[in-house]
Amino acid sequence: MLTLELLTLAVVVGLIHFSIIIWKSMTYWKERGVKHHTPVPIFGNFLSVISFRKHFFHYYDKVYKAFPNERMVGLYEFMTPTLVLRDTQLIEHVLIREFSTFPDHGSFLFEPSSVMYDSIFNMSGIRWRALRNKLLITFTTGKMRSVFPSLSESCLQLLNSNPKTLEREMLSDLAIRTFMESMFGTKILKSAEAEIYTKARKIFEPTWWRYTQQTLLTYFPKLADFLHLTFMPKHLDNYFRSIMNTILNQRVDSMEDRNDYAQVLVQMREQKKLNIYNRENKKVDQTFDVTNDLAIAQAFMFFFAGMDATSLLMLYTAANLAQSKNCQAKAREEIKTVLHKYGGYSWEAVRDMKYIDSCVQETLRMQPSLQFLNRVCDKDTSIDGVKLVKGTRIIIPIHTIQMDPKNFPNPEKFDPERFMEGINDKFAHLPFSDGPRVCLGKRFATMETTTFMAHLLENFELSLSPETKLPLKYQPTALFLTPKATNPIKIDLKRIN
Ligand code: HEM
């Protein structure tokens with residue numbers, strides 16, 4: 001009898017406790033006077049996320065547009081209160097001025113056993129800073145210049161096969177090939193190509209089940225852990241760990257001493273430590289251990305970031321140009337002038353192709369691979385007078401901001417001229433982010449895309465295939481901004497050179 005009473009009491013206390021948690025999670029923005037839509041218990045403002053019909057960024061877009069006069073708005077991502085920034089000064093505050101309060105991405109996507117868990121993207125605090133300082137040396141001007149010839153050669157190799165159409169798969173294979181050669185100094189064996197390409201595409205396969213797992217990993221990490229959910233299937237995780245391990249071991253066995261990313265990782269692994277220096281006296285403050293898994297995580301992170309985001313950028317740039325004969329003509333004129341000036345392709349020549357770079361920037365404005373940036377505050381703080389408790393999530397909806405007519409008039413129009421003279425507010429165009437956490441591969445990705453576009457436009461006339469229907473729609477279950485599987489982008493190519 002007593003046991004039954006105790007059990008009933010425990011259930012009642014549990015229910016009250018749970019109701020308080022839910023109630024508290026729903027009143028966060030009201031208490032702070034931040035405008036928001038009324039949340040639904042447990043689902044917050046994300047009820048229709050579970051219908052798989054709309055992409056996440058749709059909710060940031062919706063709340064951004066609903067309160068046009070606010071500098072920031074509140075949102076409930078299920079039970080997580082999230083602040084969505086609208087004002088570019090506040091964005092600068094979070095990304096740069098108050099970076100030390102908002103240094104990390106917070107709980108996001110990757111479970112502890114994932115190869116990505118130890119990657120720099122997921123790292124925080126001083127470990128992140130030490131690793132970032134170490135990896136930065138891979139992207140110096142000298143390094144970019146030295147990888148240019150092999151990168152340019154890979155683009156030509158694809159185009160010399162005389163393709164009649166350009167499609168996403170060809171570009172993701174190209175991105176993998178150029179990346180392996182430039183960063184790891186490795187040519188993929190012909191016999192291994194098909195398997196690597198197929199498995200790499202599977203990393204980003206946008207299925208509803210993958211999307212569900214990734215949603216639970218981000219918003220309900222304890223439940224995801226209990227259910228043993230993973231960011232990507234275990235067989236893929238193991239496969240890529242093994243590939244990255246082989247690449248690093250091959251570098252050691254070959255005793256080659258190349259000046260590339262693989263070398264940085266191999267050295268780090270051999271030294272077994274990374275130093276963290278004191279900012280004032282420049283002496284070693286702390287060290288942290290570098291395991292083989294940590295080196296592999298950084299190798300995979302670059303592969304992961306390099307492949308999908310860059311191939312999508314190449315695809316969207318080609319698609320935007322395919323719809324504008326004028327822009328193509330202007331780009332071809334520039335290619336001719338620049339190649340004449342430099343006597344052919346070189347890193348310097350491509351860097352001088354300002355109009356093509358503007359086409360790439362304009363594409364990044366309209367179709368940024370990542371549609372939002374995320375941060376958490378790592379201490380209690382306030383933004384614009386609003387008090388935030390440690391752990392509050394911040395979203396910078398870059399896609400929406402870049403498509404806001406206030407920042408870019410007539411935003412649906414592909415107009416590279418906007419970038420020819422430089423833009424007024426650099427915090428209104430953040431496809432690679434900004435500040436200490438800015439994308440490490442920014443220079444590499446833009447150089448690769450500009451080089452590919454120059455070769456492509458020099459040799460082919462582009463037109464959008466009638467099979468691709470406009471306006472483009474995006475796959476709601478994909479991590480990056482990806483064309484809908486039922487309406488893929490196809491570009492018809494006609495050789496002109
Ligand atoms: C079009 C291609 C790409 C786009 C649009 C892109 C965009 C981004 C964005 C928005 C972030 C998040 C930054 C933040 O949270 O503030 C990021 C992070 C990162 N990206 Fe990229 N990226 C691209 C290609 C690459 C490539 C090719 C590499 C490597 C070679 C790379 C390496 C990284 C790394 C390592 C980070 C994490 C930086 C950190 O947390 O310190 N990305 N990227």
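Residues numbered from 1 in each chain as written. Predicted model: local features only at pLDDT ≥ 70, side-chain atom pairs only at ≥ 80, totals over all residues. Heavy atoms only, no water.

- In the nomenclature of an unreviewed UniProt entry, the chain corresponds to Cytochrome P450 from the organism Nezara viridula.
- Under the UniProt heading Cofactor (unreviewed entry), the note attached to the chain is "heme". (UniProt positions renumbered as here; feature names shortened; annotations may be inferred.)

A look at the overall build of the chain
Thought 1: Of regular secondary structure, the chain possesses 17 helices and 11 strands.
Thought 2: For 497 residues, the compact-globule estimate of 2.2 N^0.38 gives 23 Å, and the C-alpha radius of gyration of the chain, at 24 Å, lies within 12% of that figure.
Thought 3: The C-alpha extent of the chain, read off along each of the three principal axes, is 90 × 55 × 50 Å.
Thought 4: Residues classed as buried in the chain amount to 54% of the 497 residues present.
Thought 5: Once local pairs closer than 6 in sequence are excluded, the contacts in the chain between residues at least 24 apart make up 72%.
Thought 6: Just so you have it, the chain exposes about 23200 Å², and 57% of that area is on carbon and sulfur atoms. (Helix = DSSP H or I, 4+ residues; strand = E, 2+ residues; numbered from the N terminus. Rg over C-alpha atoms; globule rule 2.2 N^0.38 Å. Buried < 20%, exposed > 50% of the residue type's maximum accessible area, 1.4 Å probe, protein only. Contact = heavy atoms within 4.5 Å. Areas by Shrake-Rupley, 256 points an atom, 1.4 Å probe, with all protein chains shown as cover.)

Some thoughts on empty space enclosed by the protein
Thought 1: In this structure the tally under the stated criterion is 3 cavities of 30 Å³ or more.
Thought 2: Here the largest cavity defines a volume of roughly 1000 Å³.
Thought 3: Lining the largest cavity are 50 residues, and of these Phe121, Met301, Ala305, Leu370 and Phe480 lie nearest its centre.
Thought 4: For the lining of the largest cavity, the secondary structure elements donating two or more residues are α4 (125-136), α6 (168-184), α8 (208-219), α12 (292-322), β6 (373-376) and α17 (442-459).
Thought 5: When residues of the lining of the largest cavity are assigned to their parent elements, the largest contribution, 8 residues, is made by α12.
Thought 6: When grouped by side-chain class, the residues that make up the lining of the largest cavity number 33 nonpolar, 13 polar and 4 charged.
Thought 7: Of the volumes computed, that of the second largest cavity is approximately 100 Å³.
Thought 8: Lining the second largest cavity are 15 residues, with Ile203, Phe204, Glu205, Gln214 and Leu479 sitting closest to its centre.
Thought 9: Take the lining of the second largest cavity: its biggest share by element is 3 residues, from α8.
Thought 10: A per-class count over the lining of the second largest cavity returns 8 nonpolar, 4 polar and 3 charged. (1 Å grid on protein atoms, 1.4 Å probe; cavity = no way out; pocket = protein on both sides within 12 Å on 5 of 7 lines; lining within 4 Å. Points joined across faces, edges and corners; volume = space filled by probe spheres on them. Nonpolar A, V, L, I, M, F, W, Y, C, P; charged D, E, K, R; others polar.)

Considering the state of the cysteines
Thought 1: Throughout the structure, instances matching the rule amount to 0 disulfides.
Thought 2: A disulfide-free cysteine, Cys359 has its sulfur positioned 5.8 Å from the sulfur of Cys327, the nearest such atom.
Thought 3: Looking at Cys359, the relative accessible area reads 1%, which means it is buried. (Disulfide = S-S within 2.5 Å.)

Considering α12
Thought 1: For α12, spanning 31 residues, the distance from its first C-alpha to its last is 45 Å, which sits close to the expected 45 Å at 1.5 Å a residue.
Thought 2: Of all 31 residues in α12, 28 are buried, a share of seventy percent or more. (Expected span 1.5 Å × (residues − 1).)

So, the site of the ligand
Thought 1: In the region of the ligand, 26 residues are neighbours, and His105, Arg132, Arg375, Ser433 and Cys439 sit closest.
Thought 2: For the ligand, an oxygen atom lies 2.8 Å from a polar atom in the side chain of Arg132.
Thought 3: Assessed atom by atom at 2 Å from the grid points, the ligand resides in the largest cavity.
Thought 4: Those elements that provide at least two residues to the shell around the ligand are α4, α12 and β6.
Thought 5: In terms of residues, the shell around the ligand owes the most to one element, α12, which gives 7 residues. (Near = heavy atom within 4 Å. Polar contact = N/O pair within 3.5 Å; in protein donor to acceptor, adjacent residues only side chain to side chain. Sits in = over half its atoms within 2 Å of the grid points.)

Notes on α17
Thought 1: Compared with the 26 Å implied by 1.5 Å per residue over 18 residues, the 26 Å span of α17 between its first and last C-alpha is a close match.
Thought 2: With 15 of 18 residues buried, α17 lies mostly within the body of the structure.

Quick notes on the UniProt feature "binding site: heme" (unreviewed entry) in the chain
Thought 1: Here, UniProt's "binding site: heme" (unreviewed entry) annotation points to Cys439.
Thought 2: Inspection of the secondary structure puts Cys439 in the loop between α16 (398-402) and α17.
Thought 3: Look at Cys439 and you get partly exposed, because its relative accessible area is 33%.

Considerations on the packing of aromatic side chains
Thought 1: Here the structure, examined in full by the defined rule, presents 25 aromatic pairs.
Thought 2: For the pair Phe99 and Trp128, a centre-to-centre distance of 5.6 Å together with 45° between the ring planes defines the contact as tilted. Here Trp128 lies in helix α4 and Phe99 lies in the loop between α3 (88-97) and α4, a separation of 29 residues in the sequence. Side by side, Phe99 and Trp128 carry an identical accessibility label, which is buried.
Thought 3: When the centroid spacing of 6.3 Å and the interplanar angle of 50° are considered together, the rings of Phe304 and Phe480 count as tilted. Taken together, the residues span a long stretch of sequence, with Phe304 in helix α12 and Phe480 in the loop between β10 (460-464) and β11 (490-495) at a distance of 176 residues. The exposure classification of Phe304 matches that of Phe480, with both residues buried.
Thought 4: A network of ring pairs unites the aromatic residues Phe110, Phe121, Phe231, Tyr239, Phe240, Phe300, Phe303, Phe304 and Phe480 as a single cluster.
Thought 5: Above the face of the Tyr28 ring, Arg32 is positioned so that its terminal group lies 3.6 Å from the ring centre.
Thought 6: Across the ring face of Tyr64, the terminal group of Arg86 is positioned such that the distance to the ring centre comes to 4.0 Å. (Phe/Tyr/Trp six-rings, centres within 6.5 Å; stacked < 30°, edge-to-face > 60°. Lys NZ or Arg CZ within 6 Å of the ring centre and 35° of its normal.)

Thoughts on the sheet that holds strand β2 (residues 80-85)
Think of a sheet as strands paired side by side through backbone hydrogen bonds, with each pair either parallel or antiparallel.
Thought 1: Pairing is mixed across the open sheet formed by 4 strands, whose spatial order is β1-β2-β9-β6. Among the strands making up the open sheet, the edge pair consists of β1 (72-77) and β6. Between one strand and the next, the sheet's axes are offset by a mean angle of 30°, whatever the strand orientation.
Thought 2: Against the sheet, helix α2 (residues 57-66) touches β1, β2 and β9 (393-396), its axis set at about 140° to β1. (Pairing = 2+ DSSP bridges. Axes fitted to C-alpha atoms, helices over the stretch in contact; angles between N-to-C directions.)

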